[in-house]
Every structure is written in C-alpha cells, then in structure tokens.
Amino acid sequence: MAECENEDNSWHAELEAALLEGCDFGTLRNICQGRQIPNQYSTTSWKICLNVAGKGDALSSFDGIFDLPEQELLRKDCKEFIEKFDNSDEEKLSLSSDLESVITFYCKSKNAKYEHNNGWLDVLGPLVALRMERADLYNCFYAVMSKYVPKDSSKDSKMYQLFRLLLMYHEPQLCNFLDTKKIFPDAYTSVWFSSLFASNCSLEVLQIMWSLYFLQADAFLSFFLGLIILVNAKEHILTELENESRDTIAETLATFPNQLEADDVEDFFSLAQYYASKTPQSFRRDYQSIYGSSLSNSKDSVSPDLSGALCLQVNPSELLQAIQQGLNESVSYFVVDCRPAEQYNRCHLATAFHLDADLMLQQPTEFASAVKALFTTQRQAIAAESRAAGEHLCFLGSGREEEDQYLHMVVANFLQKKTQYVSIVAGGFTALLKLIEKETSSTSADQSLKSCIISLPELAGSDDSGKLSEKGAALMGRLTSTFKTKSAEMKDRMVEFIKNEAVSEERHVSSLDTGKRYRGNKVQNVFSIGDEDDEADSFGSTASSDEERKELVKTDTWLNKPDILAAYQCQEVKDNGHTYPSNMLVTKTHLYILRDKADSKGFSYIVARRALGDVVRITSKKRCAELITFRYGKYSSEETDIYAVDRLYLPQASEATKLVKRLIMDVLEPPSTAGDGAAAKAEPVT
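Conventions we followed
Residues numbered from 1 in each chain as written. Predicted model: local features only at pLDDT ≥ 70, side-chain atom pairs only at ≥ 80, totals over all residues. Heavy atoms only, no water. Salt bridge = Lys/Arg side-chain N within 4 Å of Asp/Glu carboxyl O. Helix = DSSP H or I, 4+ residues; strand = E, 2+ residues; numbered from the N terminus. Buried < 20%, exposed > 50% of the residue type's maximum accessible area, 1.4 Å probe, protein only. Pairing = 2+ DSSP bridges. Axes fitted to C-alpha atoms, helices over the stretch in contact; angles between N-to-C directions. Parallel < 35°, antiparallel > 145°, perpendicular 65-115°, else oblique. Left-handed = near helix turned anticlockwise from the far one by under 90°. Contact = heavy atoms within 4.5 Å. Nonpolar A, V, L, I, M, F, W, Y, C, P; charged D, E, K, R; others polar.

1. Brief notes about the pattern of salt bridges
- Enumeration over the complete set of coordinates arrives at 17 salt bridges.
- Two residues, aspartate 136 and lysine 47, come together in a salt bridge whose shortest N-O distance is 3.2 Å. Taken together, the residues aspartate 136 in helix α8 (residues 134-147) and lysine 47 in helix α4 (residues 42-49) connect sequence positions 89 residues apart.
- Residue class for lysine 47 comes out buried when judged on its relative accessible area of 18%.
- For arginine 339, the salt bridge identified is with aspartate 337, shortest N-O distance 2.7 Å. In this pair, the class of arginine 339 matches that of aspartate 337, namely buried.
- Here the residues in one salt-bridge network are Asp63, Asp67 and Lys108, joined through shared partners.

Structural data, given as structure tokens:
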C-alpha cells in the first residue's frame, strides 16, 4: 500500500523541482496533468497559473486614502469577514487592513463600486488562507476578477442568460420546470459565479477546486460546474421541491454547492469537463465579453443579445467542421433543414434532413409524422455510423427573419418535449453558403468541402436561397457528394409531408357552429376550448379601434403593474404567417398583447387591448396545443359578430387558457342575489 502511495505521489518531487526553477504555466500543467496541486505548493502554483509570478507591487501606487462613499460598509465587512479565520487578534487586525486596502485600491483603479455580499471578499478568502504577501494578494485578486469572475452580475447579465441556454441544451426538462416556476438563474447562481463558489464551499473544497480550475485556464468551466450541481440534484428538484414556493426553491438551489466535499471535487470536475466537451463551442467566442478587465463598462459589451434566445447557436464554421469529422467529433450534428421545400430542393447540405417548418401550423398531422421520421432517420444514421449521423439536433433556417417565422416555433416545440441537444445555425443557410464560397475560393482550401458538403440539384438555376454569385454558383455546381443517394431517398420519403394547403377566409360564429354557449338572459357570450382543425378564421386581428392603435411602452413597467395577474411570453401570429415575439398580459378584466419593438430592447407596442367579457371562443390546434386562437365578438339575436381574432403561439398554453377561462367566468357570472330579470348562472359545458 505504501509503495502504491509513493508511486502516486512521485510527481510531487518533479513539481517541487520545477517550481524552484521558476517553471512556466505549460510545464506546470504538463506535470500536474489535471491532478490536484498539493496545498504546500498552492501559493507558487496559483501565481504561475494566474500569470502574476514575478509581477511588481501594484499596491505601491496606492495613496493610502480611504475615502470611498461606501468605505464604512467596506471596513465593517472586512472586520466581520476576517473573524472566520483562526488567527490571533493582531493578525486579524493586519489582515482586515490588507483586505480593505486591496478592495479600496481595486475600486479606485477600476472605477468600480463595492457592494455588500458582492462576492469580492469571498474571492479573497482562499488567497488570504495561503498567507500571501499583500502585493501578491492584490495581484492574484486582480487576476481572478479579470479572468474568471463575470464582469456584470446585475439581474440582466448575459451570464445568467447563457447559463440558462446551457441548462436548456443539456437538461430541457429541468430548465422547463424552473421556467414554469419563474425561477431564472439570476435567482440562485449569482452567489456561485460572482465568488467562484467561494461563498458556498469550505476552504478545503475551494483549494482543490481552484487548483483544478486554474490549471484548466477555462473561464467558462464555472458554467459547467454550476450545470453539474443542478444535474446531480435533478431528481430532488423535480420531486421533493415540486410543490414548494418560488423563493424556497431558489434559496435551496443556491445552497446546493454547500454539500460538496473534498473527495467529490475531482469527479465533479471530470463531469463538468465531459459536459463542456459535449456542448457546441461557438458560445465561447460569441460571449467572451462576459469576462474582461472592465467592470464599470459591462453594458457596452458587444456579445450577441441572449435575452430572447430559445437555444444555443452554432456558428457555420463549427458546423462544417463537425460534418467533415462526423462521429469522430465530440459534438456530432444531425442537421435539420427547416426551409420551405422549394429552397431545400434547389440547394442544401447533403447530410441534412428536411423538415418544412410551415407544416407545423398548416398541416400539423403531417408535421407530427415528419418529426417521427426525423427521429427514426437519426437513430438509423447513428447505428450505421453514417457521416450524416449526430446525437445533437442542429436546426437550419434561411437566415432571413421574414422567411424563418416558423423556425423558432419548431425549435420551441422540440424543447417543450424535453429534447436534448437542440441548437440553431447562426445566420442560417445564407451564412453557411457564404462561408463555403469563401473557404473553397482560396488555393489552400480544404478540398474535403467539395466531397460531401453541398448537394445542388439541377433546380439550382433558379433564384437560390443563398443567392450565390456566378463564381460561387459554378463552384457549387462542381461539388459532389457520396451522400446524394441518401439525400434523394430521404426526399422521397418526405414528399408526402411538404404539401401546403390554403387557409380559409374569416367567418362569423353562427348558431350552426359546434361548441356550446353560456346559458342565461344577460350572459350571452359563447366560450369553449376545443380543436381548431375545422375552424376557418383568418390569422391576426381585424380590429381597428382607437384603443388598438400602437402605443409604445416600457415592457418592464407593464409587466410589473400591480393589476397584472400573469404574463406569458409568446409569439403573435399574423395573417401573412409572420410571427412577432410578444407578451400576453392578463388582468381581472382585460387581456393585453405587447409586441416587442425589434430595434429597441425593453420596449413594446400595445397591439391589442381585449375585454375578457368579449371573448367568444378559445381554440387550439389538435396537433399543436400551444397555438391558441382568441376570438372576440358581440352577441346579437341571430349570431355572434366576430370583430377581432388574436392568434398566439403560447408555450404555457394550458396554464394561460385555464386562467383566462376562470377570469371570464368571473366577468360573466351574474349577481348572486336572485330576482326578476336575474340571469341564470353561466355553465360552461366541456
């Protein structure tokens, strides 16, 4: 046993010798090979990992003036924080002074503001425990904050949005559960990421965790550490916490890292690295600005807006590389082309499966069959180790917003069904073609692109979806693929799924319609929730009253109004099939639809104000229960005159319609006191 231990620790001597010689980070990492750095070598090793070894004393330029507006709060917090350390009173006084100096100088040099419980003191804790000199303490703190702590921890920080996308990618069931409970990452991960888990974990755990973390030199690994914490607690969250309040669940989630023990850390890291390897890498480049040297200018970051993103995006370059490597890649993609059939037939990836997004609303039965065929084809491709095979679904649109209206609905549908590994190609097919044209035009181009990427049938002579240049079109025409036969077979199987039928014109709800009415002399409205496959009303609203003129408002102001009982994110579906990101707001008496202003984040147009008493009928698609149609009308002696129709794609359709139904009952219910002319109680028939 002793011989085995000596063998396992034989690298310690090599590490010690390298540290004495002042080795660089590469040498240190090669020696450690992902193993825990022994505590006695942590101070020197961390300084090498953080690239501060041999750096000068930055604190020497500090003028020693402690005059921050929050100086009293900072001094109080430093004294309280240092009490947790087992030092003499004299040492505690000195350490408290060092902490206050470090943070005061940091605030002044970064033009930042200290706030109570913002994680900075927790970050300093493991560094203080190593008994560093004050100069090293500041340099290491500065490096950790710059490289590994997200620079914006406000509620709207992109780090929370990105973490939610990663959770949705790997655990859509858990993500949907938390979304339903209105529990978003800012409610429980803020303390994790702002302190690199130092606020939660014991010092023993932190020394191991940070050693492994610094050796990896991957700032984004903290996201996957957080992800593993939730994955390990998934069953507990979905069962034990299901009926708890929002605040209780959020508080419980925030404390999960407290349960980590020293023996768990290496396995914890191995799992995090595995999940990181099974994730599209595009987000690393796109969202690098989450980290950086500027805390005060965090709002000026140039990273993409994630606030309305359904899922992770994959850059065309990463997709092409993965297709070329096939199942040899850690992330292998099964590409789902959601463009209309005519665009797909003209030009497409040879390995792509065609799923016409328009079918979802226009022919839901065929769409459901196509989805079944998709999963069957995916399984068969994986079993055959085909180059088209992939565990990760990557959806491809045209790249033009007006043509990709239904694409996001399709993706949302897959996510609601708890489908793992769902992503979208950034820029769509247009960006993909441009990249291929660029890559294959150079003399040093990777010739494998010409062997298997694009299949271009004879129809390419017409207006192509990518609108290639003459040179590019000629080049695409020369590209051949060993997968053309497979692609043709796939298209033959899908012919029956790409029909498009016209939508009928709008009509009135008459006495001949199916569906039952509320009975009573005064309560005359018709209301039911049923199937819409036989309905023929046109999409969108036909109303043009003054109260429906577009009014620009601040979205948050309306969402937080005291009379708003519930708010649901949705897509407004118009007559022409276009969809618009929106919110449906419900009060006791009215339903509002706020459409996001495309060029002004945080603002919306009020496109509909509907009295609940005017709701005549609520219907849904048989094969797409999330597509809800609200019809509004005025009752006359013969029929109900429909004056407006709203069609919304509501991910939380069941919850929303139940609430609206209950409120309508309250609005339509007659007075409880009986008397002549009193209306009979409204009785909906299901």
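2. Focus on the pairing of strand β13 (residues 603-611)
- As defined by bridge partners, strand β9 (residues 551-554) adjoins β13 across 4 bridges and the pair is classed as antiparallel. Considered in β13, the bridge of valine 553 is made with serine 604.
- Across 7 bridges, strand β12 (residues 590-596) lies against β13 in antiparallel orientation. Paired with arginine 595 across the bridge in β13 is tyrosine 605.
- The antiparallel hairpin formed by β12 and β13 contains 6 residues in its connecting segment, where glycine 602 sits at a positive phi of about 95°.

3. Notes on the packing of helix α9 (residues 158-170) against helix α13 (residues 221-232)
- Following both chains from N to C, one finds α9 and α13 inclined at 50°, their axes separated by 10 Å at the closest point. It follows that α9 is oblique to α13 by the angle criterion. Note that α9 runs across α13; the crossing there is right-handed. Side by side, α9 and α13 meet where Met159, Leu162, Phe163, Leu166, Leu167 and His170 of the first sit next to Phe223, Phe224, Gly226, Leu227 and Leu230 of the second.
- Class assignment for the residues of the contact of α9 with α13 results in 9 nonpolar, 2 polar and no charged.

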